[in-house]
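Analysis of the macromolecular model
This is what each chain is made of:
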Amino acid sequence: MIPAEFDYYAPTSVQEAIGLLQEKGPEAKLLAGGHSLVPLMKLRLAAPSVLIDLNRIAELRGIRSSDGGVAIGAMTTHSEVESSPELADRWPIFHVAGAMIGDPMVRHRGTIGGSLAHADPAGDWPAVALALDARMHIAGPNGERVVPAGEFFVDMLTSALEPDEVLTEIEIPALEGRVGMAYEKFRHPASGYAVVGVAAVVVTDGSGSCQDCRVAITGAGPKATRATGVEEALKGRPLDEQSISAAAERAGEGMAFLGDIYASEEYREHLTKVYTKRALLAAARSAQG
Amino acid sequence: MAKQEIRVTVNGREHRSEVEPRLLLVHYLRDVLGLTGTHIGCDTSQCGACTIIMDGQSVKSCTVFAVQADGSQITTIEGLAKDGQLHPLQEGFWEEHGLQCGFCTPGMIMSAYDLLQRNPDPTEAEIREALEGNLCRCTGYQNIVKAIQYAASRVREHEPVAAS
Amino acid sequence: MTTATTFVGSSVKRVEDPEFITGSGTYLDDIKLPGMAHMAILHSPHAHARIRGIDTSKAQQHPGVLAVFTGKDTAGINPLPCAWQAGGVENHVNTPHVLASDEVRYVGDAVAVVVAEDPYTARDALELIEVDYEPLPAVVDPEKATQEGAPQLHENAPNNVCMRWTAGNQEATDRAFEQAEVVVKQRLVNQRLIPTAMETRGAIGSYNPGTGEFTIWMTSQAPHVMKLLLAAFVLNVPENKIRCISPDVGGGFGSKIFCYADMALVAFASRQLGRPVKYVEDRTENYQWTTHGRDHVTYAEIAGTRDGRITGLRVRTYANLGAYLSTIAPGIPTTLYGRMVPGVYKIPATFVEVLGVYTDTAMVDAYRGAGRPEAAYLIERMVDLFAREVGMDPAEVRRRNFVPPNEFPHDNGVGMLPYDSGEYEKALNRALELSGYPEFRREQEEARRQGRLLGVGLSSYVEVCGVAPSAWIGLNGQGWGAGLWESANVRVHLTGKAVVTTGTSPHGQGHATTFAQLVADELGVPMEDVIVEHGDTQGTPFGFGTYGSRSLAVGGSAILRSTAKIREKARKLAAHMLEASEEDVVWENGRFTVRGSPESARTIPEIALAAATGYSLPEGMEPYLDETSYYDPPNCTFPFGTHVCMVEVDRDTGETRLVRYVAVDDVGNVINPMIVDGQLHGGIVQGVAQAMWEQGVYTEDGQLVTGSLMDYALPKASMLPNFELDRTVTPTNVNAMGAKGAGEAGTIAATPAVVNAVMDALAPLGIRHLDMPLAPEKVWHAIQERSASQKEER
């Protein structure tokens, strides 16, 4: 229950934070909402000697429109994302998935950027970011770079961030056409994390067939992953139960599944299919509704 | 690292303290300020016994460092009753037998306070969802739900404008 | 004017609540004593290892550290006692030392302590202690532990068997099975549970060198018993030199009954350092070393006739007791389990064999229900399996085998005291009616045609509580190391205010309210004039504490004895005051009046004033109204009822949704219905949680996998429905109130109701049994397997 000692810095700008990361080296950890890091510190499974708290950097907070899409500051909390009217209208998946994260207290402190940067294999936002083809804006000593979500999640608890970089903004590009989206999650009864979570985005034309779709899976494997097989199988097909069921059968193709005492690899593989189907059906309903 | 000075307003009263950076907010409230109504029930941020209101929102005070609370406004269970008058939630928990051992109760009440702020007329399902981060081992939650429903209707009676 | 029976039977709001809802309760961790130091405990990370050496030098030098102690330093402290040596464990008793010095036997075994100026420093210094362990092979499964070649925990317990205990008539039972038309067998696992009171455990020790007295604050359900055990067995200190205090206690569920190492360690450290010393577990420690519950592997067989009559029951159980014996561990799978397996049924022949087994796991002891949930689960599952085998509705099979109401007191054939009273069919009928059982069966049929998996489960239970009398439970009978009577003092002060002190020690049950209701009625005073005190061994009479749903039936009875004595003395004094003969003074509407002239009356406060001033007392009468009683009941009480659970199972994922839950309980007469309903709600949820979610899991090599609330699935509000409660009332004649006990009934009843419901839902697939918890994956696997084989069969 008692963390080890550390030095604490609360920079007020991204530049200052990057400077501190460079100065303090690999022992420094960034502190966002803290709901992954602080429990680990209390259990002494993590003992960084320096904490750089991003909570006082105003420029990292907030939601603004950007080039037809929207940009979400990395330190925007889950609850701000969940309840944002700007997002609710065009990207209702933020409300749906946000409401499934942890509990209200976690959502009040936890941030979308912290969650994405932590790259927890059971986090909810990574699937949403993949399904929306989000673009990660990253600031570092040499300026800014942009990494597409598809390249951001490298491995379990490992993102594309370099040790001296800060995730600043998550840019969500505009979607054209009739769009539907959904997030379906099988919750772990104790931790509340996704045993399997599936984010689905479908774009349909007037005829009701699938012009485009993106499906992303979290919880099942070491990192959030796009289900490209499912996407291929559904594109050009009618968004009905039959084609969705058939496409969902391809969920999990090529994935390495995690197993634990609560859900084995086999069961996660199965849930991936079931929840892919459920997410696609819900997305299709919202596109047509 | 040297201790850092923080200024925190708790239940309307400003405190200045020198704290170690690693001091958890819940320990600050309990051990430095002596506000022991906020409890500790786990070490993985699951149980919600330590829930307080910080800058208007419910947070788990075991997952925030006291240094992070610098400049913030905090309400704990001790600050809920006003002028000797119990808050409707406190009344509700009493009326509906929403507590047994009482250990989770302050966190439950602060969580419910947050809920009613956001949603003055919650359904039973919404109440149960809102308690996702608060564990109770005694009551089976049924009377906690009733207690919150009681409080919601009292708040609506008394502040129909604020509730609408 | 307050009249008699105003309070008993009504849902009076709890007098305990104002402090809890305002944050002004005083739990152990809220106590701060001047000069208090803080203790942290180093626990073994190995399930089984030899300790080659411990180097504490770095920790000792850490700034702020006051002392570091290891087993060498605490060699003068005796091992913790086992106070219920049931089942012939005497030759195989192994209890923990407060600090292990040669060998550790489970993850969590205490190895060293640090005492420091503050808890942060104490925690830091734990990291600086170096322990040289030689890991040894470990065993965690109770069945495997008894097999040849299994790792051995204790030299005096070959094959790790701590006890072999039997009950019932083996010969008659074997004969019943030979002659049976139908025999159904099933292996049942009653999984390990972690009690998880929301407040973890802790203790504060304070030694006064001037008087040689210890004061120990503790999160205990039984402070008097702790005082006795610590004085007489652990610390070797005169009993009158220890005072134990339980402040507000944040739930216990059994886990806080027991004597723990930290109680002795804080006392020891305080004497060594001359300062008060506090220890509070964190949740990780709580999960590792505070006792767990259940953990049985059982081979059960039920014999019967084709027309649904049960003729025999044969049970063999491996009870995992953990690495050592906890305070009352051996009594749980014997007296409280083995003697209750026939449940509500009249079974002509029953035989039970229990093997108590040591494993490299946390100690297992009483957890809410303590033995009776395991018994109820066993018999209620077996009756369902039997009903399915003979093709009868489970309600009908129950009805056919109930002990009928005219056969009480009932001897169940396995050595339990006779069941006091019961109307089992009445409770079943009410539950079926309330739940709409026949309608649900029709709905289920329709749903099954659509391929949906709906199920309904029944659980008709009986349990034993208020366990007594001492002559039966004690050393010459069931092996409990003391008595199980209870005590109370009632005194009425000069100003008419009454104080009740009780040997029971509540931690959420609302005694301050319930007991005040009783006393207010008996003395004809307002409830607010009655204060109930408990938990401090200085100032309360010796009592055995709060557990086993005993506090009202036994402790409440002691209170009523004291109020009766007060009334008796008060009548004499009233007669004196009213100048009437004692025979003419009657108790009416909460006061004494003279027969025939109701205007001549004296209330208890008026009499208390006279008794306390002592100006004018009848000859020979002592001043003051102050009476103490020790009450040892003639028998236990046996609450019962029927619970009905309705579920729907998701074919695609194996998830179970609780659709409805109806409970009809008979706990005898009820003092405060609101409190009883609350006890049932909470009890039911703990029972449901065992069926659905909770399981303490160790790896084969003894690491606790479910070591935190991230992994161990405690039920949350969103996982539960509302419970529909009703009661039948069959008073007991065991005590004057006719009250039986309600603290554990819900937990005992609920588990089999839920499992039976899920098995009923899965019946069309031919699934007979799945072990708990009914996690989605397990259910899904079963559905997959059966669906595959059914396809093949077609």
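Every value quoted in this text rests on a predicted model; they were computed, and no experiment measured them. (Residues numbered from 1 in each chain as written. Chains lettered and ligands numbered in written order. Predicted model: local features only at pLDDT ≥ 70, side-chain atom pairs only at ≥ 80, totals over all residues. Heavy atoms only, no water.)

Attention now moves to the sheet that holds strand β14 (residues 225–226) of chain A. Strand pairing in a sheet takes place through backbone hydrogen bonds and is either antiparallel or parallel in direction. Residues and elements named next belong to chain A. As summarised here, the arrangement of the four strands in space is β11-β12-β13-β14, forming an open sheet in which the pairing is antiparallel. Two strands in the sheet have a free side with no partner beyond their single neighbour: β11 (178–187) and β14. Taken strand by strand, helix α12 (residues 265–288) contacts β11, β12 (194–204) and β13 (210–218), and its axis lies near 145° from that of β11. (Pairing = 2+ DSSP bridges. Helix = DSSP H or I, 4+ residues; strand = E, 2+ residues; numbered from the N terminus. Contact = heavy atoms within 4.5 Å. Axes fitted to C-alpha atoms, helices over the stretch in contact; angles between N-to-C directions.)

With that settled, the discussion passes to the pattern of salt bridges. What the rule picks out here adds up to 83 salt bridges over all chains. The residue K60 of chain B makes a salt bridge to D103 of chain A at a minimum N-O spacing of 2.6 Å. Residue K60 of chain B is found in strand β4 (residues 57–60), and its partner D103 of chain A is found in the loop between α5 (93–98) and α6 (104–109); the two belong to separate chains. Taking relative accessible area as the criterion, D103 of chain A reaches 5% and is therefore assigned buried. D760 of chain C serves as the salt-bridge partner of R448 of chain C, at 3.7 Å between the closest nitrogen and oxygen. Highlighted residues: R448 of chain C in helix α12 (residues 437–449) and D760 of chain C in helix α18 (residues 745–762), separated in sequence by 312 residues. A relative accessible area of 30% means that R448 of chain C is categorised as partly exposed. A cluster of three or more residues bridged by salt bridges with shared partners is formed by E5 and R44 of chain A, E20 and R22 of chain B together with D124 of chain C. (Salt bridge = Lys/Arg side-chain N within 4 Å of Asp/Glu carboxyl O. Buried < 20%, exposed > 50% of the residue type's maximum accessible area, 1.4 Å probe, protein only.)

On to the interface of chain C and chain B, then. Where interface size is quoted, it is often the accessible area lost as the parts come together. Of the residues lining the interface, 51 residues belong to chain C; the matching set on chain B comes to 47 residues. Overall, the association of chain C and chain B removes approximately 4,400 Å² of surface from exposure, summing both partners, and the carbon and sulfur fraction of that is 54%. The largest share of the area that chain C buries against chain B comes from I21, Y120 and M198 of chain C, three residues that together contribute 19% of it. Where chain C touches chain B, the interface holds seven salt bridges. A salt bridge links D29 of chain C to R30 of chain B, with the nearest nitrogen and oxygen atoms 3.4 Å apart. At the junction of chain C and chain B, the tally comes to 29 residue pairs in polar contact (both at pLDDT 80 or more). Looking at the side of chain C that touches chain B, the elements with two or more residues in it are α1 (17–21), α3 (119–126), α8 (283–289) and α17 (673–692) of chain C. The element contributing the most residues to the side of chain C that touches chain B is α17 of chain C, with eight residues. (Buried area = accessible area lost by both parts, 1.4 Å probe. Polar contact = N/O pair within 3.5 Å; in protein donor to acceptor, adjacent residues only side chain to side chain.)

A separate point is the interface of chain A and chain C. Counting residues at the interface gives 23 residues for chain A and 27 residues for chain C. Among the residues of chain A in contact with chain C, I2, R44 and Y267 of chain A are the three that bury the most area, contributing 27% of the side total. Applying the counting criterion to the chain A and chain C interface returns three salt bridges. The salt bridge involving D652 of chain C is made with R278 of chain A; its shortest N-O contact spans 3.9 Å. Across the chain A-chain C interface, the total number found is twelve residue pairs in polar contact (both at pLDDT 80 or more). With seven residues, α12 of chain A is the single largest residue contributor to the side of chain A that touches chain C. Considering only residue class, the side of chain A that touches chain C consists of 15 nonpolar, five polar and three charged. (Nonpolar A, V, L, I, M, F, W, Y, C, P; charged D, E, K, R; others polar.)

Residue and element names in this part refer to chain C. Going from F408 to P409, the amide bond is cis rather than trans, its omega being -5°. Considering the arrangement of structural elements, one finds P409 in the loop between α10 (394–401) and α11 (424–435). Note that the residue after M772, namely P773, is joined by a cis bond; omega there is -10°. Here P773 is to be found in the loop between α18 and α19 (776–793). A positive phi is found at N159, a non-glycine position, where the angle reads about 55°. You can call N159 partly exposed: its relative accessible area is 25%.

In an α-helix, one turn spans 3.6 residues; hence positions three or four apart end up facing the same way. Residue and element names in this part refer to chain C. In a regular helix each residue adds 1.5 Å, so twelve residues correspond to 16 Å; α11 covers 17 Å between its end C-alpha atoms and thus fits that length. Considered for burial, the residues of α11 that qualify are Y424, A427, L428, A431, L432 and S435. All buried residues of α11 fall inside an arc of 130° around its axis, so they share one side. Those residues of α11 that are buried lie in contact with α10, α12, β16 (453–462), β24 (640–649) and β25 (656–666). With its phi angle positive at about 65°, G436 sits one or two positions after the end of α11. (Expected span 1.5 Å × (residues − 1). Arc of directions from axis to C-beta.)

Turning our attention to the packing of aromatic side chains. All told, the structure shown has 29 aromatic pairs over all chains when counted by the stated rule. Considering the side-chain rings of F186 of chain A and Y267 of chain A, the 6.1 Å spacing of their centres and the 85° angle between planes classify their relative orientation as edge-to-face. Note that F186 of chain A is positioned in strand β11 and Y267 of chain A in helix α12, a separation of 81 residues in sequence. Per residue, the accessibility class of F186 of chain A equals that of Y267 of chain A, and both read buried. Plain terms: the ring middles of Y267 of chain A and W780 of chain C are 5.3 Å apart, the flat faces sit at 45° to each other, and that makes the pair tilted. A residue pair is termed interchain when its members come from two chains, as with Y267 of chain A in helix α12 and W780 of chain C in helix α19. On the basis of relative accessibility, which here comes to 0%, the residue Y267 of chain A falls in the buried class. According to the relative accessible area criterion, W780 of chain C is buried, its value standing at 3%. An aromatic cluster is defined as three or more aromatic residues linked by ring pairs; in this entry it consists of F186, Y262, Y267 and Y275 of chain A together with W780 of chain C. (Phe/Tyr/Trp six-rings, centres within 6.5 Å; stacked < 30°, edge-to-face > 60°.)

Mean pLDDT over chain B: 95, with 96% of residues reaching 70 or higher. Overall fold confidence for the complex sits at a pTM of 0.97, while the interface term, ipTM, reaches 0.97. (pLDDT = per-residue confidence, 0-100.)

All names here are of chain C. Applying the stated rule across the entire model yields eleven cavities of 30 Å³ or more. Estimated volume of the second largest cavity: approximately 80 Å³. Looking at the second largest cavity, the residues that line it are L80, P96, H97, V98, Y106, D109, A110, Y260, A261, W289 and M363. Across the lining of the second largest cavity, the residue classes break down as nine nonpolar, one polar and one charged. (1 Å grid on protein atoms, 1.4 Å probe; cavity = no way out; pocket = protein on both sides within 12 Å on 5 of 7 lines; lining within 4 Å. Points joined across faces, edges and corners; volume = space filled by probe spheres on them.)

To continue, consider the domain arrangement of chain B. All names here are of chain B. When the domains of chain B are assigned, the result is domain 1 (4–78) and domain 2 (88–157). Each of domain 1 and domain 2 has a C-alpha centre, and these two points are 21 Å apart. In this complex, domain 1 contributes 18 residues to the contact, which on the side of domain 2 involves 14 residues. Buried area between domain 1 and domain 2, summed over both chains or domains, comes out near 1,200 Å², and the portion from carbon and sulfur atoms is 60%. Inspection of the domain 1/domain 2 interface yields zero salt bridges. Where domain 1 touches domain 2, the interface holds six residue pairs in polar contact (both at pLDDT 80 or more). Its residues assigned to classes, the side of domain 1 that touches domain 2 comprises six nonpolar, eleven polar and one charged. (Domains from an automatic or database assignment.)

With respect to the element layout, T656 of chain C can be found in strand β25. Contacts of T656 of chain C, omitting those with residues within four sequence positions, involve V647, E648, V649, M692 and V758 of chain C.

Before going further, it helps to examine the environment of A370 of chain C. All names here are of chain C. Among the secondary structure elements, A370 is positioned in the loop between β15 (350–358) and α9 (372–390). Take A370: its relative accessible area is 5%, and that puts it in the buried class. Excluding its chain neighbours within four sequence positions, the residues that come into contact with A370 are R294, I332, L336 and E744.

The domain boundaries assigned to chain A delineate domain 1 (7–56), domain 2 (58–172) and domain 3 (178–288). Of note, the centres of domain 1 of chain A and domain 3 of chain A, computed from C-alpha atoms alone, are 35 Å apart.

Computed from the structure, the second largest pocket encloses a volume of approximately 1,200 Å³. Around the second largest pocket sit 42 residues that line it, and R187 of chain A, E129 and E132 of chain B together with S718 and M719 of chain C are the ones nearest its centre. Of all the elements in the fold, those that place two or more residues in the lining of the second largest pocket are α6, β11 and α12 of chain A, α3 (105–118) and α4 (124–130) of chain B together with β24 and β25 of chain C. When residues in the lining of the second largest pocket are grouped by element, the largest group, four residues, is from β11 of chain A. For the lining of the second largest pocket, the residue count by class is 19 nonpolar, seven polar and 16 charged.

What follows is about the packing of α3 of chain B against helix α5 (residues 142–158) of chain B. Residues and elements named next belong to chain B. Here α3 crosses α5 at 45°, and the two axes come no closer than 11 Å. Classified by the angle their axes make, α3 and α5 are oblique. Where α3 crosses over α5, the two elements pack in a sense that is right-handed. For the pair α3 and α5, contact is made by M108, A112, L115 and L116 and by I144, I148, A151 and A152, respectively. Split by residue class, the contact of α3 with α5 holds eight nonpolar, no polar and no charged. (Parallel < 35°, antiparallel > 145°, perpendicular 65-115°, else oblique. Left-handed = near helix turned anticlockwise from the far one by under 90°.)

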